Amino acid sequence: MPDRYIEGSALGLELYRAVAELPIVSPHGHIDARLFADPAARLDPPGKLFVTADHYVVRMLYSQGVPLERAGLGEADVDDRAVWQVLADNVHLFALTPTGLWLRETLATVFGIEERLDPGTAQAIYAGVEEQLASPAFAPYALLDRFRVECLSTTDAAGSPLAEHRALAESAPGFRIRPTFRPDAVVALDAPGWRDALSELAAAAGREVVDYPAFVEALAERRAAFKALGATATDHAATNANTTRLSQGEASALFALALAGSVSSAEARRFEAHMLNEFARMSSEDGLVMQLHIGSLRDHNRPLAQRFGRDIGADIPVATDWTRGLQPLLEAHGNDPRFALILFTLDESAYSRELAPLAGHYPAVSLGCPWWFHDSPAGIDRFLDRIVETAGVYNLAGFVDDARALTALPARHDLWRRRTSGWLARKVEAGFLGEEEAHRLAWELAYGRVRRAYRLDA
C-alpha cells in the first residue's frame, strides 16, 4: 500500500511523496567504517546481519527463552543458516513491533523479497538474500548510492587511530563518511576496560597521560584530529544528566585515584558529570556538536554481559532529572552561540515536562528524535504530540537512525518520513496548519533540520 504507516488522508500521502526521495542524512549510527575503507569488504551474511548484530532481535528472542548461542553469540563456529532459521521460526514474536516492521520493509524494499518469512520459506529466502549480499550491487558504496545517502557518521572511540577515516579522506574527498568522537570509555574511571582505553587514547594522541591536565589535553588533540577528518559531532552516554563541575584540584584528585586503582563508583560518577561539563566547554571552543544520550542503565543483566559482552539488548531505561542535572552545563554554555547540544532520552515522561521547555528556551539546545525503544510508529507520534506544542519544529534535530546495518537505513528513514507526513496532515485537517506550511515542515523534518542541527551546512 502506498500510504502504509501514514494514517492520514490523501494529503498525508502527498506530503510523504514530496520528501520520500530526499537524500538520507545519517549523522549518528554504528556502522563500521571498515566497510567503506576496504575495497574487498562486503556486508555480513543474513544470519549475522539480521540477527546476531541486531540487539533488538536478540533481546526479543532471549525474552522468549531462545539461548543466545542460537542467535550466534558466544560461539566460535557459527552456522549462519541455522541462525537465520531461528529468526524465521520465531518471526511471529515480532508482530506489531518496529523490529518486525523493519524486517518486512527491508526484505521487500532492499532485497525485493515480498514472500512472507516463516519456518518453511526461511532457507529459500536466505539463499536469495545471500546471493544479493555477495553481488557487486550490494557493495557498501553501491548501496550508499542506491539509498541516496548524502553523508553517514560512524561512532568512534576517543582513542581510535581513525585509520579507515584517514584512508577514506585520501581516496574519496568530501567527507561522505565522517567519524564521531565518543569518549565514554576513557571517562568511566571504574570501568573494567578503562586502563586499556586510556592507553589507546595516549597512543593515538602521541603523548603520555599521567595526570588530569594531560588527559584533557589528549582529549582536545583527538577532537581536533576527528574534526580534521570531517567530524561535526561528539557523542556521550550517561545514566543520568548530572553535569556538576568540579574544581581542577578535585578532578585531578579523582583521576589520580583511578590511576592508582582505588576510585569508587560514586567518585567515578562525579567525574563523569564533571567531564560532561568539560566536554561542553570544548564544544564551545571547537564547534563540535555535543550529543547526549541519557537514561539507559547499561548491561542491566550483568551475568549475561559478562558472558556474551555488551550490546546484547539488556540496556534498560531509567528516569532522570534533566532540569536540575543540566543546569550547571547550560548556565555555563547554553547561551553561547558557538555551542550546540542535542538531547536524546528513553524517558518519554520527560518530553513535555522538561525537554521541550529546555529546548524552547536555551539557544544551544535541540531535541533528538525518538530513541531506541521509542523509534516506532506510535513512538514518533507521542514525541511530536508532547514536544512540538512547546518547542516547535525548529528546535528539533531531525531524524537519526542509530543503525548498525547499512541495509537498515532506508526502512528507518522511510518510516520517519511517513509518520511525520501523516502527523502533519492531521494537523492541517484539524485546522492547526496550512498545506503550504505543512510541506515546508515535512521537508525540515526529513532533511533540513538534521543538516543544520549537525552543522553539515557549515
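Residues numbered from 1 in each chain as written. Predicted model: local features only at pLDDT ≥ 70, side-chain atom pairs only at ≥ 80, totals over all residues. Heavy atoms only, no water.

S.K.: Which residues make up the sheet that holds strand 1 (residues 24–26), and what are the values?
M.R.: Pairing is parallel across the open sheet formed by three strands, whose spatial order is 1-2-4. In the strand order of this sheet, the two ends are held by strand 1 and strand 4 (177–178), each with one partner. When strand 2 (residues 149–153) meets strand 4, the two strands line up parallel, connected through two bridges. Each residue of the ladder has a partner; that of L152, found in strand 4, is I177. (Pairing = 2+ DSSP bridges. Helix = DSSP H or I, 4+ residues; strand = E, 2+ residues; numbered from the N terminus.)

S.K.: Tell me about the packing of aromatic side chains, and name the residues and values.
M.R.: Evaluated as defined, the whole model comprises 18 aromatic pairs. Here the aromatic rings of W194 and F255 are separated by 5.7 Å at their centres, their planes lie at 80°, and the arrangement is edge-to-face. Taken together, the positions of W194 in helix 11 (residues 194–205) and F255 in helix 13 (residues 248–259) put the pair 61 residues apart, joining distant regions of the chain. Taking the relative accessible area as the measure of exposure, W194 reaches 2% and is therefore buried. Ring geometry for Y351 and F383: centres 5.3 Å apart, planes at 85°, overall edge-to-face. Taken together, the positions of Y351 in helix 17 (residues 350–359) and F383 in helix 18 (residues 377–391) put the pair 32 residues apart, joining distant regions of the chain. Residue Y351 is classed as buried on the basis of its relative accessible area of 2%. Look at F383 and you get buried, because its relative accessible area is 2%. A connected cluster of aromatic rings, assembled from ring pairs, spans F50, W84, F111, Y126 and F138. (Phe/Tyr/Trp six-rings, centres within 6.5 Å; stacked < 30°, edge-to-face > 60°. Buried < 20%, exposed > 50% of the residue type's maximum accessible area, 1.4 Å probe, protein only.)

S.K.: Hey, could you go over the nonpolar core for me, with residue numbers and the actual values?
M.R.: Formed by 105 residues in total, the largest nonpolar core has its most connected members in F215 and L219. Broken down by element, the residue count for this core peaks at eight residues, all from helix 20 (residues 435–453). The contacts of L219, once residues within four sequence positions are left out, are A158, F181, P183, V186, L201, M275, F279 and M282. In terms of nonpolar packing, the next biggest core, distinct from the first, is built from 52 residues, L35, V57, V149 and A314 among them. (Core = buried A, V, L, I, M, F, W, Y, C linked by side-chain atoms within 4.5 Å. Contact = heavy atoms within 4.5 Å.)

S.K.: Tell me about the pattern of salt bridges, residues and numbers included.
M.R.: Once their charged atoms are close, side chains differing in charge can pair, the charge on each being opposite to the other. The full count for this structure, using the stated rule, is 31 salt bridges. One salt bridge connects R440 with E437, and the closest N-O pair in it is separated by 3.9 Å. With R440 and E437 both in helix 20 and three residues apart, this pair spans about one turn of that helix. Through salt bridges with shared partners, one network takes in E7, D381, R419 and R426. (Salt bridge = Lys/Arg side-chain N within 4 Å of Asp/Glu carboxyl O.)

S.K.: Any chance you could break down the environment of E164 for me, citing the residues and the numbers?
M.R.: Tracing the backbone shows E164 in helix 9 (residues 163–171). E164 gets classed as partly exposed once you look at its relative accessible area, which sits at 27%. Between the alpha carbons of E164 and P46 there is a distance of 25 Å; along the sequence they are 118 residues apart. With sequence-adjacent residues up to four places away left out, E164 is seen in contact with A33, R34 and A37.

S.K.: Account for the layout of surface pockets, with residues named and values stated.
M.R.: Computed from the structure, the second largest pocket encloses a volume of approximately 430 Å³. Looking at the second largest pocket, it is lined by 21 residues, and the ones nearest its centre are F94, G100, L101, R104 and R116. Class assignment for the residues of the lining of the second largest pocket results in 13 nonpolar, four polar and four charged. (1 Å grid on protein atoms, 1.4 Å probe; cavity = no way out; pocket = protein on both sides within 12 Å on 5 of 7 lines; lining within 4 Å. Points joined across faces, edges and corners; volume = space filled by probe spheres on them. Nonpolar A, V, L, I, M, F, W, Y, C, P; charged D, E, K, R; others polar.)

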